[in-house]
Amino acid sequence: QIDCLNKAKNELLEESVNKNFTLVKWKLFRTLKNGNIEDACIPMIDGFDIGTANHGRSVLAKLDIVNGLSKYYGKYYPVFIDNAESLSSCTEDRINIDNQVVTMKVTESKELEVK
């Protein structure tokens, strides 16, 4: 019964944390082969660990984490995205953040462009 209680507690904790994020789902516990529960703290996006996700998903996950923490703490600071030229237009369309976003891209232009 203790195992069932721990499992329910873990599921409630994950649910409580995950409600603060739109794209990222946190995996806070991992079941080992022997059935024991191990603590973990793995941000997942679209079913991928952000450490193994492609660059676009990784950027989206990090922005979602910033957005979730900003909302939770009520603090909104500017966010800089470097190497944004490597993001696809689909990825850029999925960026949904309440903070000011400064995107830096390599271009052929000789002039600094501010949009």
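Please read these numbers as outputs of a predicted model, since none were measured by experiment.

Peer 1: How should the layout of surface pockets be read in this particular structure?
Peer 2: In this approach a probe as big as a water molecule rolls over the atoms, and the regions it shows empty are the leftover space. Estimates place the volume of the largest pocket at around 470 Å³. Taken together, Val-101, Val-102, Thr-103, Met-104, Lys-105, Thr-107, Glu-111, Leu-112, Glu-113, Val-114 and Lys-115 make up the lining of the largest pocket. Class assignment of the residues belonging to the lining of the largest pocket gives a composition of 5 nonpolar, 2 polar and 4 charged. Here the second largest pocket defines a volume of roughly 230 Å³. Lining the second largest pocket, in full, are Asp-3, Asn-6, Lys-7, Asn-10, Glu-11, Glu-14, Phe-29, Arg-30, Thr-31, Gly-35, Asn-36 and Ile-37. For the lining of the second largest pocket, the secondary structure elements donating two or more residues are α1 (2-18) and β1 (24-31). Per-element accounting of the lining of the second largest pocket gives the leading share, 6 residues, to α1. Broken down by class, the residue content of the lining of the second largest pocket amounts to 2 nonpolar, 5 polar and 5 charged.

Cut-offs applied
- Residues numbered from 1 in each chain as written.
- Predicted model: local features only at pLDDT ≥ 70, side-chain atom pairs only at ≥ 80, totals over all residues.
- Heavy atoms only, no water.
- 1 Å grid on protein atoms, 1.4 Å probe; cavity = no way out; pocket = protein on both sides within 12 Å on 5 of 7 lines; lining within 4 Å.
- Points joined across faces, edges and corners; volume = space filled by probe spheres on them.
- Nonpolar A, V, L, I, M, F, W, Y, C, P; charged D, E, K, R; others polar.
- Helix = DSSP H or I, 4+ residues; strand = E, 2+ residues; numbered from the N terminus.

Nothing here speaks to function; it is all geometry.
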